Amino acid sequence: MKKAFVLAAVAAALACGTAQAQQVNVKIGVLTDMSSLYADLAGPGSVAAARMAIADFTKANPNVKVDLVSGDHQNKPDVGTNLANQWIDVEKVDLIIDTPNSGVALAVNEVVRNKNKVFINSGAAASDLTGPKCSPNTVHWTYDTWMLANGTGKAIVKNGGDSWFFLTADYAFGHALERDTTAVVEKNGGKVLGKVRHPVNTNDFSSFLLQAQASKAKIIGLANAGGDTINSIKQAAEFGIVKGGQSLAGLLVFASDVNSLGLATAQGLIFTETWYWDQNDNNRAWTKRWQAERNASGKVPTMVQAGVYAGLTHYLKAVAALGSAADGKAVVAKMKEIPTDDPLFGKGTIRADGRKIHDAYLYEVKKPAESKHAGDYYKVLATIPAAEAFRPLNEGGCSLVKG
Amino acid sequence: MFEIFGIPSQALFGQLLIGLINGSFYALLSLGLAVIFGMLNIINFAHGAQYMLAAFTAYILLTSFDIGYWPALVIAPILVGIFGMIVERLFLQWLYKLDHLYGLLLTFGLALIIEGTARNYYGSAGLPYRVPDSLQGGQNLGFMFLPNYRAWVIAASLAVCFGTWFLIERTRLGAYLRAATENPTLVRAFGINVPRMITLTYGFGVALAALAGVMAAPIYNVSPQMGSELIIVVFAVVVIGGMGSILGAIVTGFGLGVIEGLTKVFFPEASNTVIFVIMAIVLLVRPTGLFGRRA
């Protein structure tokens, strides 16, 4: 008995010793939009979130040494691909994270798969990342088009909004969001009367809004993002669309958009997100730190930036458990094996197709009179439990899912 | 009600009007560019940044000094115009004798600096600016709902365009100015301070961009990249109209607004490329532009 105890102690000491001695080096690249329409919802704020995740993790695990680089993909898939290649080949980056813009994300997804590194996507929406284009090297963390369509689309159709017209951003993300929302609307008994696909980064939506107005649809679904959504909402107010009895459905709205529109214009807008800074004490405390790190007290973090923090934290846990970041597939497998647990998204899991599962929330933008302090934007209409929030595992067409 | 190419006529009239409204921005901006190129031979790539700067000035005037839209419509162009004149005195005046490329590079660099600075302080998502109370609401024209503010934009832009054309083509001051570009030495011999006139002209061109910027603030969100999104289109407008031609800039500005508006109905995916297709065709057929004089 005594002998066994000594052996165990020695073994434990040895284990500790090896863990202590084994220095793990990781290099992380935040590939994001630093200067264009998605820079406020991801961009420098995502880099700040990554720095926080690294600081928190390395404090508790001093044997892990993390380097961070960041870059601007300018919303161009070719620029994103080049940067990803260069990071992995020359700078030996192990993980690429964030990457808003589904077009760029789908391109980087392939690069990372071919080079067997890891891609954690927080910023892009296309549900194809865990569907037909799913990869053993990719985790899709924060949200996706299926979840947005399901959350917002279902809620609106159930409340009587059964005829739709889409304003769709003309690229991978917009198409995916339009497709997924159409499916939800039709499944719940509504119908789609028409759509118009506009180029990304359009300044003037009045022409498209007039077409939407003429369609007489009850709901105008905005299958676009960032500056395009902001301008659509603003100009819809100008052309009296909401006063005329039609409603807007923001299919992808971020806290930064609401901040930019102001509550007077954005009030009453309904949409789905997975994280809101003012929802609980953990989120508020993290937001305070983020604002200090970002040096911007007036800004509020978005779910994308929170997703970068949480995703990176979980990645580092997996790397520390494996003791190496070299084999991307092995790291992602480990990430799927250990349950996720972080202060922002709570406990959750990553599915076989790479989809991170957590609760989603249906929010409504408050009226200016209801807003009590700076950044007090949303009220929660409903919580969509994790099990229902995302596309069922067997419906995505992902080759990693057996059966 | 009748139909044209399968589109109800009502909708089509609405789209034409919208096209004209967007055309007024193109016209105002390309007018300033044409004045600066025609008189100074400088390709002012900072035009979009100056337009954006004015929108930000209006925003800051409103939020920090409580100065509303109407005073801002005067104050912002003056401030940004003065900024333009400082830039001209400090940098541009040394470049008139050199190749166009130097002016282009300098103003392009300036544009990047101005845009980057704005982004650093205000982020990229943009800031809200309300339509002034006196122009809230709109008129139901039967075929469309016309917001009062957009009606004001068309009227103001037409007035400013006509005024500028008249000033340069029909007044004594304009005649001096045109003469000074043709032959500065001779005009100097008549006792006219040519460098000062050139500085003021640049300031005026910049102020035109600034005016457009303030007028755009309530329609588009005030954001650092609002200028760079527009400037390329505006350059195409100037090229189509004929570099330096004032009338050309105005007519093509409105015309292309309408064409773009119609594209948004018939083939929306192409709405941001149609202008460049037209530019390519015009350059093939008339390299000097629709209203350009042969060099």
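Residues numbered from 1 in each chain as written. Chains lettered and ligands numbered in written order. Predicted model: local features only at pLDDT ≥ 70, side-chain atom pairs only at ≥ 80, totals over all residues.

1. A short note on the overall build of chain A
Formally: Secondary structure elements are taken from DSSP: a helix is a run of H or I of four residues or more, a strand is a run of E of two residues or more, and numbering for both begins at the N terminus. A radius of gyration in this sense is built from C-alpha atoms; the matching globule rule multiplies 2.2 Å by the number of residues raised to 0.38. Buried, partly exposed and exposed are defined by the number of other C-beta atoms within 10 Å of a residue's own C-beta, namely 20 or more, between the two limits, and 12 or fewer respectively, with C-beta atoms placed from the backbone. Placing a C-beta atom from the backbone of each residue, one calls two residues in contact when those atoms lie within 7 Å.
Counting its regular elements, chain A contains 14 helices and 15 strands. In terms of overall dimensions, chain A is globule-like: its C-alpha atoms have a radius of gyration of 22 Å, near the 22 Å expected for 403 residues. Here the C-alpha coordinates of chain A stretch approximately 85 × 45 × 45 Å along the principal axes. Within chain A, the proportion of its 403 residues that are buried is 57%. Counted over contacts in chain A with a minimum sequence separation of 6, partners at least 24 positions apart contribute 72%.

2. Brief notes about the overall build of chain B
A count of helices and strands for chain B gives eleven helices and four strands. For 295 residues, the compact-globule estimate of 2.2 N^0.38 gives 19 Å, and the C-alpha radius of gyration of chain B, at 19 Å, lies within 12% of that figure. Along the first, second and third principal axes, the C-alpha atoms of chain B reach 65 × 50 × 35 Å. Among the 295 residues that make up chain B, the fraction classed as buried is 53%. Pairs at least 24 residues apart make up 75% of the contacts formed inside chain B by residues separated by at least 6 positions.

3. Examining the domain arrangement of chain A
Residues and elements named next belong to chain A. Threshold: Source of the domain bounds: an automatic or database domain assignment. When residues are sorted by character, Ala, Val, Leu, Ile, Met, Phe, Trp, Tyr, Cys and Pro go into the nonpolar class, Asp, Glu, Lys and Arg into the charged class, and all the rest, Gly among them, into the polar class.
Per the domain assignment, the segments of chain A are domain 1 (23-143 + 279-353) and domain 2 (146-273 + 360-384). Just the C-alpha atoms count here: the centres of domain 1 and domain 2 sit 27 Å apart. The interface of domain 1 with domain 2 comprises 17 residues on the first partner and 20 residues on the second. Residues of the side of domain 1 that touches domain 2, tallied by class, amount to ten nonpolar, five polar and two charged.

4. Describing the interface of chain A and chain B
Opposite the 36 residues of chain A that make contact, chain B presents 32 residues. Counting residues per element, the ones that place at least two in the side of chain A that touches chain B are β7 (191-198), α7 (206-214), α8 (226-238) and α9 (255-261) of chain A. Looking at the side of chain A that touches chain B residue by residue, the classes come out as ten nonpolar, 18 polar and eight charged.

5. Things to note about unusual backbone geometry
Positioned with a positive phi, A:D98 is a non-glycine residue whose angle comes to about 90 degrees. Tracing the sequence through the fold places A:D98 in strand β3 (residues 95-98). At B:N41, a position not held by glycine, the phi torsion is positive, near 60 degrees. Of note, B:N41 is situated in the loop between α1 (9-40) and α2 (47-65). What makes B:N41 partly exposed here is the crowd of 16 C-beta atoms within 10 Å.

6. Some thoughts on the sheet that holds strand β13 (residues 356-357) of chain A
Test applied: DSSP bridges decide pairing: two strands pair if at least two such bridges lie between them.
If you walk across this open sheet you meet the three strands as β11-β12-β13 (chain A), and the pairing is antiparallel. The open sheet terminates on both sides in strands that have one partner only, identified here as β11 (340-342) and β13 of chain A.

7. Quick word on the sheet that holds strand β5 (residues 138-140) of chain A
Residue and element names in this part refer to chain A. How we decide: Each axis is a line fitted through C-alpha atoms, and for a helix only the stretch in contact is used; angles between axes span 0 to 180 degrees, taken between their N-to-C directions.
The strand order across the open sheet formed by five strands is β2-β1-β3-β4-β5, and the pairing between neighbours is parallel. The sheet is open, and its two edges are formed by β2 (64-72) and β5, each paired on a single side. Going across the sheet, the axis of each strand differs from the next one's by a mean of 20 degrees, ignoring polarity. With nine bridges connecting them, strand β1 (residues 24-32) and β2 associate as parallel partners. Paired with T32 across the two strands is D72, which belongs to β2. Across the sheet, helix α3 (residues 77-89) is in contact with β1, β2 and β3; its angle to β1 comes to roughly 170 degrees. Set on the sheet, helix α4 (residues 102-114) makes contact with β1, β3, β4 (118-121) and β5; between it and β4 the angle comes to about 160 degrees.

8. Re helix α5 (residues 145-158) of chain A
Applied cut-off: Expected span of a helix, by definition, is 1.5 Å for each gap between consecutive residues, and there is one gap fewer than residues.
The terminal C-alpha atoms of α5(A) lie 19 Å apart, and with 14 residues this matches the ideal 20 Å at 1.5 Å per residue to within 8%. Of the residues flanking the end of α5(A), it is A:G160, one or two places downstream, whose phi is positive at about 100 degrees.

9. Regarding the environment of A:M52
Residue and element names in this part refer to chain A. Note that M52 resides in helix α2 (residues 43-60). With 206 residues separating them in the primary sequence, M52 and V258 have C-alpha atoms 25 Å apart. Those residues in contact with M52 that lie beyond four places of it in its chain are R289, W290, E293 and Y309.

10. Regarding helix α3 (residues 69-90) of chain B
All names here are of chain B. End to end, α3 covers 31 Å across 22 residues, agreeing with the expected 32 Å (1.5 Å per residue, within 8%). Taken as a whole, α3 has its buried residues at Y69, A72, A76, P77, V80, G81, G84, M85, V87 and E88. Tucked inside the fold, the buried residues of α3 contact α2, α4 (100-122) and α8 (194-216).

11. Some words on the pairing of strand β6 (residues 163-169) of chain A
All names here are of chain A. How we decide: For crossovers, right-handed means that the path from the first strand over the helix to the second runs clockwise, given strands pointing away from the viewer.
For β6, a buried count of six out of seven residues is recorded, marking the element as mostly surrounded by other parts of the structure. In terms of strand pairing, β6 meets β7 through seven bridges, oriented parallel. When the sheet's bridge partners are listed, F165 is paired in β7 with G194. You can see the chain leave β6, run along helix α6 (residues 172-187) and come back into β7, and the turn it takes is right-handed. As judged from the five bridges shared by β6 and strand β8 (residues 219-223), these two strands associate in the parallel manner. Counterpart to F165 in the pairing with β8 is I220.

12. What to know about the packing of helix α6 (residues 172-182) of chain B against α8(B)
Each pair of packed helices can be described by the angle between their axes along with the distance between the axes. Residue and element names in this part refer to chain B. Test applied: Angular relationships are summarised with four words: roughly parallel below 35 degrees, roughly antiparallel beyond 145, roughly perpendicular across 65 to 115, and oblique for the angles in between. Left-handed describes a crossing whose near helix is turned anticlockwise from the far helix by less than a right angle; the clockwise case is right-handed.
α8 packs onto α6 with a crossing angle of 110 degrees between their chain directions and a minimal axis gap of 11 Å. The angle between α6 and α8 places the two elements in the roughly perpendicular class. Both α6 and α8 take part in a crossing whose hand is left-handed. Where α6 abuts α8, its residues Y176, L177 and A180 lie against V194, M197 and T201. Across the contact of α6 with α8, the residue classes tally to five nonpolar, one polar and no charged.

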